[in-house]
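Coordinates in review
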Amino acid sequence: MILIDTTIVTTALPVLMEELDADLNGGVWVTSAYLLAYAVPLLVGGRLGDRFGPKNLFLIGLTIFTLASLACGLAPTVGALIAARAVQGLGAALLTPQSMSLITRMFAPEHRGAPMALWGATAGVATLVGPLLGGVLVDGIGWEWIFFVNVPVGIVCFVLVVLWVPKLPIASHSFDLLGVFLSAVGIFLLVFGIQQGESHEWGAIWGPITAWQFIVGGLVVLALFVLWQAKNKKEPLLPLHLFKERNFTLANVAITCMGIAVTTFAVPVVLYLQTVREFTPTQAALTLAPMSLTGIILAPITGKLVSQWDPKRLAVPGFFLFSVGMFWMAWLVGHQAALWEILLASAVMGIGSAGVWPSVSFTATRDLRPSEAGAGSGVFNTTRQIGSVIGSALIALVMQAAIQAQVTAAMAGQGGAAASGASGAAGGTGGDAVPSFLHAAFATAYGQSVLLPAIAAAVGCLAALCFRPRASAVAEAASQEVRS
């Protein structure tokens, strides 16, 4: 539910803005409010689970998320929708780290592969299903149902967790209040600056404060947070010794790259299909269906393999195929290739994605002690989410620059009316069809934009190549701790 909600609004946004009479800035904030409220408290959410019990925090987060989803669907104005989306993000931030923490604490490292692979595979499929589900629901029964669909799922999930998930022992923990404050302020400033920078042309966002000042301020506060974590000898919010574990550090790098890639690839492809090929939202979303279907089919297989093989054997080819599929997609979009070729490239990306999520998730947690589960899962999910936010800002910037350059070139030799149409088309990247004489320019620009997620996936592949192949002595100690 949580990861679908990061992407499901993409295909619904034009209809949603029209029915709620919202401008572009209001439409952007429907997504931004959720991402911001989700990213900021993630680190704290992991630690709260350690202190008060992951099952308790999971149920609290699930309740907030489900009720906020209902409020989103009932929102009468775009302002009410933005507020409900922020509350929804808060629930997601409390819920997300607990799912990973529960798995880490319930299973010894040697038995953690299959459940962690299922967790990762679910995350991977969810990020791919969002645009498809959004298109089908919007065209079929209305934009409200992209939020209403969460309510029955949330209710069933709540009942099953109450009945089946055990209450784990809670150790006495001190709480790093200064660390909470510094991390929340730093992440807020960084994420807010990145989110709003492109829409404000990287100038003033709030009064005289520019996007770059927000970003630099966030980095400074986060640097102070790291210094405090190193100085705090009691129980820091972020145990820095986690990053001494090579696999944990590299897995965070890899999942950040994956966060960038999965957030950005669909935007230029869907816009190309809707504006140049003139597909409906459902048709555009269905073009990406092979990626979702291959991910769903392969999830049980990769779940078994990751517990039997070295996860690196899945992560490296997974990232490689995902990157190759996107480089191929970039070429196909830029050259307005046949639909069957785009479907084939989509399937290749799905095969790659199926190998990435379970292997990287398992690698990140494999060598963590159960007492470190909350902090570790909070960091892992935070880096993935920040990757998504960075990707959202970057893809808008890249598309704007690419479209402007290609349209300017296409205008050479065009007359007044054509030039006027080109100028208007270059002003945005919405869902309206572009003039036919600009199809080639927009297709080239969208194809160039897909290179961003392709490069991010290639960097993730390099990180996966450096994974340590065997579990360390820390994992053996953690296994004994679980047994005792």
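Residues numbered from 1 in each chain as written. Predicted model: local features only at pLDDT ≥ 70, side-chain atom pairs only at ≥ 80, totals over all residues. Heavy atoms only, no water.

**Focus: the overall build of the protein**
- When helices and strands are counted, the protein shows 21 helices and two strands.
- By the burial criterion, 58% of the 484 residues in the protein qualify as buried.
- When contacts within the protein are restricted to residue pairs at least 6 apart in sequence, long-range pairs at least 24 apart make up 83% of them. (Helix = DSSP H or I, 4+ residues; strand = E, 2+ residues; numbered from the N terminus. Buried < 20%, exposed > 50% of the residue type's maximum accessible area, 1.4 Å probe, protein only. Contact = heavy atoms within 4.5 Å.)

**Observations concerning unusual backbone geometry**
- The phi dihedral of D21 falls on the positive side, at around 55°, and the residue is not glycine.
- Inspection of the secondary structure puts D21 in the loop between α2 (9–19) and α3 (24–39).
- The exposure class of D21 is exposed, given its relative accessible area of 72%.
- Look at Q336: it is not a glycine, yet its phi comes out positive at around 50°.

**A closer look at the layout of surface pockets**
- Approximately 920 Å³ is the volume attributed to the second largest pocket.
- Lining the second largest pocket are 28 residues, and of these F58, L95, S99, W119 and T122 lie nearest its centre.
- When contributions to the lining of the second largest pocket are tallied by element, the ones reaching two or more residues are α5 (54–74), α6 (78–106), α7 (113–140), α9 (150–164) and α18 (373–411).
- Residues that form the lining of the second largest pocket fall into these classes: 23 nonpolar, four polar and one charged. (1 Å grid on protein atoms, 1.4 Å probe; cavity = no way out; pocket = protein on both sides within 12 Å on 5 of 7 lines; lining within 4 Å. Points joined across faces, edges and corners; volume = space filled by probe spheres on them. Nonpolar A, V, L, I, M, F, W, Y, C, P; charged D, E, K, R; others polar.)

**Some details on the side chain of K55**
- Within the secondary structure layout, K55 lies in helix α5.
- Residue K55 is classed as buried on the basis of its relative accessible area of 10%.
- For K55, the residues in contact, after removing those within four places along its chain, are L102, V161, V162, V165, P166 and K167.

**Digging into helix α11 (residues 211–231)**
- Counted at 1.5 Å a residue, the expected span for α11 with its 21 residues is 30 Å, and the 30 Å between its end C-alpha atoms agrees.
- Along α11, the residues classified as buried are A211, F214, I215, G218, V221, L222, F225 and Q229. In an axial view of α11, the angular spread of the buried residues amounts to 130°, which keeps them on one side of the axis. More than 90 degrees from the buried face of α11, the exposed residues found are L227 and K231.
- Where the residues of α11 are buried, they touch α4 (42–52), α10 (177–197), β1 (204–206) and β2 (209–210). (Expected span 1.5 Å × (residues − 1). Arc of directions from axis to C-beta.)

**Observations regarding α9**
- Look at α9: 21 Å from first C-alpha to last across 15 residues, which is about the 21 Å you get at 1.5 Å a residue.
- Turning to α9, its buried residues are N150, V151, G154 and V161. One side of α9 holds all its buried residues, which, seen down the axis, span an arc of 95°. Turned more than 90 degrees from where α9 packs its buried face, I155, L163 and W164 sit exposed.
- At its buried positions, α9 is contacted by α1 (4–7), α5, α6 and α8 (145–148).

**With respect to the nonpolar core**
- The biggest cluster of nonpolar side chains holds 143 residues, and the ones touching the most others in it are L81, F322, M326, V360 and Y446.
- The dominant element in this core, judged by the number of residues it contributes, is helix α20 (residues 439–465), at 13 residues.
- Ignoring any residue separated from it by four or fewer positions in sequence, one finds V360 in contact with A251, A254, I255, F319, F380 and F467. (Core = buried A, V, L, I, M, F, W, Y, C linked by side-chain atoms within 4.5 Å.)

**Re the confidence of the model for the protein**
- When pLDDT is averaged across the protein, the result is 83; 89% of the residues are at 70 or more.
- Counting interchain partners and residues more than four positions distant, the pLDDT-below-50 stretch residues 422–429 has 15 contacts.
- Within the model, the stretch residues 472–477 combines pLDDT values under 50 with seven contacts to residues more than four positions away or in other chains. (pLDDT = per-residue confidence, 0-100.)

**Looking at the packing of aromatic side chains**
- Per the stated rule, a full pass over the model turns up nine aromatic pairs.
- Aromatic side chains W145 and F148 sit 5.2 Å apart centroid to centroid with 80° between the ring planes, which places their arrangement in the edge-to-face category. In this pair, W145 and F148 are both assigned in helix α8, three residues apart and thus about one turn of the helix distant.
- On the accessibility criterion, F148 (16% relative accessible area) is buried.
- Taking the centre distance of 5.5 Å and the plane angle of 15° together, the rings of F188 and F192 count as stacked. A residue pair is termed a helical-turn pair when its members lie 3 or 4 positions apart in one helix, as F188 and F192 do in helix α10 at four residues. (Phe/Tyr/Trp six-rings, centres within 6.5 Å; stacked < 30°, edge-to-face > 60°.)

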